[in-house]
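These are the residues of each chain, in order.
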Amino acid sequence: MALVAWAVMPCHFIGGLIQAKSAKGFSGDYVAVHHELVALTSEAATNIKTVASFCYEEHILGKARRSLEVPKRNSRRESVKFGIIQGISLCLWNIAHAVALWYTTILVERHQASFKNGIRAYQIFSLTVPSITELWTLIPMVITAMNILTPAFQTLDRKTGIKPDVPENENLRRISGMVEFQNVKFIYPTRPDVLVLRNFSLRLEFGTKVTLVGPSGAGKSSILALVLRYYDPLGGKVLIDGKDVREYNLRMLRAQIGVVQQEPLLFNSSLRANICYGNDTATEAEIEEAARQANIHDFIGGFPEGYNTGVGEKGCQLSGGQKQRIAIARTLLKRPAILLLDEATSALDAESGRTVIRVLERATMAGEGGFLSRTTQITVAHRLSTIVKSDTIIVMDKGEIMETGDHTALIRSGGIYTRLFELQNLKD
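Small disclaimer: the values here were computed from a predicted structure and weren't measured.

Visitor: Tell me about the sheet that holds strand β10 (residues 400-405), and name the residues and values.
Guide: Here 6 strands make up an open sheet; going across it, the order is β6-β7-β8-β3-β9-β10 and the pairing mixed. The open sheet terminates on both sides in strands that have one partner only, identified here as β6 (257-260) and β10. Across the sheet, the axes of successive neighbouring strands diverge by a mean angle of 20°, strand direction being ignored. Here strand β3 (residues 209-213) runs beside strand β8 (residues 376-380); their pairing, made up of 4 bridges, is parallel. Directly across from Lys209, in β8, lies its bridge partner Gln377. Its contacts with the sheet put helix α6 (residues 220-227) on β3, β6, β7 (338-342), β8 and β9 (392-397), and the angle it makes with β7 is roughly 150°. Lying on the sheet, helix α11 (residues 320-333) is in contact with β6 and β7; it crosses β6 at an angle near 175°.

Visitor: Before we move on, could you go through the sheet that holds strand β4 (residues 235-240) and cite the residues and values that matter?
Guide: Across the sheet, which stays open at both edges, the 4 strands sit in the order β2-β1-β4-β5 with antiparallel pairing between neighbours. The open sheet has two edge strands with one neighbour each: β2 (197-204) and β5 (243-244). Examined bridge by bridge, β4 and β5 share 2 bridges and lie antiparallel to one another. Note on β5: the bridge partner recorded for Leu239 is Asp244. Those strands touched by α6 are β1 (179-186), β2 and β4, and its axis lies near 115° from that of β1.

Visitor: Account for the packing of helix α9 (residues 284-293) against α11, naming residues and giving values.
Guide: Interaxial distance between α9 and α11 falls to 8 Å at its minimum, and their mutual angle equals 130°. Between α9 and α11, the angle falls in the class oblique. Here the hand of the crossing between α9 and α11 comes out right-handed. In contact with Glu286, Ile287, Ala290, Ala291 and Gln293 of α9, α11 contributes Ala329, Leu332 and Leu333. For the contact of α9 with α11, the per-class residue count stands at 6 nonpolar, 1 polar and 1 charged.

Visitor: Explain the pattern of salt bridges to me, using residue names and the numbers behind them.
Guide: Using the criterion set out here, one finds 7 salt bridges in the structure. As a salt-bridge pair, Arg229 and Asp232 come within 2.8 Å of each other at their nearest N and O atoms. Between Arg335 and Glu286 there is a salt bridge, with its nearest N and O atoms 3.0 Å apart. Of this pair, Arg335 sits in the loop between α11 and β7 while Glu286 sits in helix α9, placing them 49 residues apart in sequence. Given the relative accessible area of 26%, Arg335 is considered partly exposed. You can call Glu286 partly exposed: its relative accessible area is 24%.

What counts as what
- Residues numbered from 1 in each chain as written.
- Predicted model: local features only at pLDDT ≥ 70, side-chain atom pairs only at ≥ 80, totals over all residues.
- Heavy atoms only, no water.
- Pairing = 2+ DSSP bridges.
- Helix = DSSP H or I, 4+ residues; strand = E, 2+ residues; numbered from the N terminus.
- Axes fitted to C-alpha atoms, helices over the stretch in contact; angles between N-to-C directions.
- Contact = heavy atoms within 4.5 Å.
- Parallel < 35°, antiparallel > 145°, perpendicular 65-115°, else oblique.
- Left-handed = near helix turned anticlockwise from the far one by under 90°.
- Nonpolar A, V, L, I, M, F, W, Y, C, P; charged D, E, K, R; others polar.
- Salt bridge = Lys/Arg side-chain N within 4 Å of Asp/Glu carboxyl O.
- Buried < 20%, exposed > 50% of the residue type's maximum accessible area, 1.4 Å probe, protein only.

Set out below in C-alpha cells:
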C-alpha cells in the first residue's frame, strides 16, 4: 500500500508545480495593476484642491477605470487558465485517491490484508499525502510576499555614491562660507542627455550677497544643489573654504548651510517645532527673535495656542506666505554660515517681502543685532526688484555665465539683465 501511495505521489507534485507556475504570473500581474492604481489615487488625493478646482473628478475616475481595462481582460484570461490548471490538479489528486482505494479493495479481496488494516493504510495515505501536497496552496501567498518585499530590499541594498558620514571622525569647525566652482560640468542622473552646467567657474567671497538670475533651465537651482551636495559634478570641483565638498563630513557641513526653498515643506506639528526644526537646543527667546525677524511673531500671537498651534499636514492650515516666513525663521534660527535662497519671497506680499528682504540683508552683516554672524548669501530670483542691493548679480543662460556685476553696472550695460528688468517693469 505504501509503495502504491508513493507511486501516485508524482500526480500531486506535477499538478502542484503547474499550479505554482501559473499562480506566479497571475500574482505578478495583480501587483503591477495595484501599484498603478495606488499611484494614481495618491496623486489625485494629494492634489485634490487642484483636481476639484478644474472639475476633474470624473476625469480621474475615468482614467482609473481605463487603467484597469487591459489588466481586467488579462486577468480574465489568466483566471480561466488558472481554473483549468486547478481542475487538472484536483483531477490528478482524485485519481491518486481512486487508485489507492481500488488497490485497498484488491488487497482485501485477495485476503492479503484485513479490511481493518486496509482501511487504516488508506486513511494514512488519504491524510498524509494531501497534507504534503496542500503546501503548494501557500505558494501564491509566498510569491505575493516576495513581490512586495523585493522592492524594499532593493532599496535597502542600494549603495549610494554620496556617503553622509565619511569621514566619520572629522572635527569640523564653523566654516567661513567662501564658495568656489572650478570648471564644473553637471548633468542630472535622470536626464543624462541634457548638460545643465558646462565649465562653470565662479568664486564667492564669504559675507557677500550673490544673486543668480536668468531664464528657467539656466542652471541656477542646480548650483544650490551642488553646494548642498545633493549631487556630485560630472567634472570639476565645488570648494567651500578652499576644500572640496566631497572631503567634508556631509552631515556636519549641511548643519552650517541654511536653505529656503520656493515651496517650503512644513511638518504636521506645532509652529514651535517647525521653527526650531534645525536647532533643537534653541531657547524660547531665540525662537521668538527668529519669528520677529521673519515677520511672523504677530500673526502667531493671534492664535489661541500661540506657538503650540498645529500647522496641519504639510502646513495646510497656513497660507503660502505664512509657510514661507516660517521656513525663513527656521533657517535664520539655524544660524547658517551659507544661506541659500531659492525664490524665498515668491509667495509673499509686497510688505512682507520687503520686511524679509531687510532681514536677509542684515544676515550678511557682521554682528547685526548679535543674532547672525557674517553669512554668505546665494539667492536664486526671478523678481529683479528684490535683488537691486545684491553685491553681485550673475546672469546665466544654458549653464553659462553671460553677465556679472551689480545692479547699476548691469543696467548701464544694456545686455540681457537690462532687457529682463525693463520687461518686468512693463509688466508691473
